Amino acid sequence: MKDNIRMATSLYINYILLGMINLIIALHMSFLTVQFDADAASISGLISAIGFGKLFALSFAGRLSDSLGRKPMVITACILYVVFLIAIPLSPTYAVAFAFALLAGMGNSILDTSTYPALIEGFPSRSSSVTVLVKAFMSIGATILPLVITFFIARDMFYGYTFFIMAFIFLINAIHLMTVRFPKANMVIVEPNPEGEVGSIPTVTFRERPKFWKEGITVIFIGFISVSLLLIIQTWLATYAEDIIGLGESTAINLLSYYSFGGFVTVILLSVILGRVFRPITVLILYPFIASIALLSLLFVSNYYLLIGIAFLLGLSTSGLFQLAVTLMSEFFPEKKGASTAYVTLSSSIAFIVMPYLTGLMNRHLDASYIFIFEILIALTAMGLAIFISMRYRRIFGIEAPGKAMWKAP
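Residues numbered from 1 in each chain as written. Predicted model: local features only at pLDDT ≥ 70, side-chain atom pairs only at ≥ 80, totals over all residues. Heavy atoms only, no water.

**A closer look at the overall build of the chain**
Turning to step 1, where the next piece is worked out: Broken down by element type, the chain carries 15 helices and 2 strands.
Turning to step 2, where the next piece is worked out: Residues counted as buried form 57% of the 410 residues belonging to the chain.
Turning to step 3, where the next piece is worked out: Looking at the chain alone, contacts between residues at least 24 apart form 84% of all its contacts between residues at least 6 apart.
Turning to step 4, where the next piece is worked out: Carbon and sulfur atoms provide 68% of the accessible area of the chain, an area that totals close to 16,600 Å². (Helix = DSSP H or I, 4+ residues; strand = E, 2+ residues; numbered from the N terminus. Buried < 20%, exposed > 50% of the residue type's maximum accessible area, 1.4 Å probe, protein only. Contact = heavy atoms within 4.5 Å. Areas by Shrake-Rupley, 256 points an atom, 1.4 Å probe, with all protein chains shown as cover.)

**A look at the packing of aromatic side chains**
Turning to step 1, where the next piece is worked out: The full count for this structure, using the stated rule, is 18 aromatic pairs.
Turning to step 2, where the next piece is worked out: A centroid spacing of 5.9 Å and a plane angle of 65° characterise the contact between Y304 and Y305, whose relative ring orientation is edge-to-face.
Turning to step 3, where the next piece is worked out: Exposure remark for Y304: the relative accessible area of 23% places this residue in the partly exposed category.
Turning to step 4, where the next piece is worked out: Since its relative accessible area comes to 66%, Y305 is described here as exposed.
Turning to step 5, where the next piece is worked out: An aromatic cluster is built from F31, F151, F152, F158, Y159, Y161, F163 and F164, whose rings are joined through pairwise contacts. (Phe/Tyr/Trp six-rings, centres within 6.5 Å; stacked < 30°, edge-to-face > 60°.)

**Examining a nonpolar patch on the surface**
Turning to step 1, where the next piece is worked out: Taken together, the side chains of I79, V83, F151, M157, F158, Y161, I165, F168, I169, L171, I172 and I175 define a hydrophobic patch exposed on the protein surface, amounting to about 1,000 Å² of accessible area.
Turning to step 2, where the next piece is worked out: Counting only elements with at least two residues in the nonpolar patch, the list comes to helix 5 (70-90) and helix 8 (160-177).
Turning to step 3, where the next piece is worked out: In terms of residue count, the dominant contributor to the nonpolar patch is helix 8 (7 residues).
Turning to step 4, where the next piece is worked out: Here I79 lies in helix 5.
Turning to step 5, where the next piece is worked out: Among the residues examined, I79 registers a relative accessible area of 37% and is labelled partly exposed. (Patch = residues over 30% accessible without salt bridge, like charges linked within 9 Å, V, L, I, M, F, W, Y side chains within 5 Å. Salt bridge = Lys/Arg side-chain N within 4 Å of Asp/Glu carboxyl O.)

As structure tokens, this is what we get:
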């Protein structure tokens, strides 16, 4: 258990940094446009490059995670992020920066397909909670980053210091991970009961076998949409507040801190109530509905204090959904956790490619308000898919008729 806690601590530190990385291009857009003599739509292309890197790495990341183990893959991801964070501020051209953004995307896929299975294997009885906590730590990072950026802006310091500090922390954490023992891949470690006795390995049973073309594809789409919801807000909320509402640059950026704080609050809440008050599948329905209401309000509000509340509510209702999708995929297809995680991560890679490019075009030819109208449609689609998978979940696991014969998972 001590090794599992050490492992989880280091993995969560990685995701604090990843929460910062997810925002770092968007929040340095003004600096990068000057550095590379490009417009905002072109800089959003660097975020798409991260998506391309994620997509490429998914061709091997899940399989290597299952065959080589989680530990070497997590350490590899850390090193790739070190290279990316040092290289971006020092890149002489946009093309060079694009190439290093591809490395960041590869690191993201490798990290996801190793971290989520490792947490599920280390804490099998609390798999939903420990995976949702990943988003809590990402939210911590996303809350810290705008404050760090405004600190350097206020002192007229080089923006690259933010990148270098993060690279150093990644490097130290990679060295620490070399000393940590991970659970064996695809083996379930059963935690001791309160009396200290180790129980038997639980058997997953199905009333009806899950079908990849039905349940798997639906969960993959939910993963795509959940990442799209986050990505659009993280990329364009500050731009919308500055260009459409008229807030100052630092004030607009700080809205993302409130958004990220909302994300932190909700995943802490979810880690407590999941399995006790709500099933994960219920959250996948409820949260997109709340997000659609908050996004609609955003289009009609200009008061700063109300915007803070909306930003907080958006963070509250869009965070943790991807992690729940990953956990759900592992429940449907438990025999290959690394590969099943890779399929959901594939959807996030596509979102990283498509959404920055599409919303960048929308911002170039229309304005940022149309981006958030599009975001409302995405939230409603997420709710519809979640309703469908909820019905399938109940049927497959026999929740409505628990006395009927169950099929054992292979």
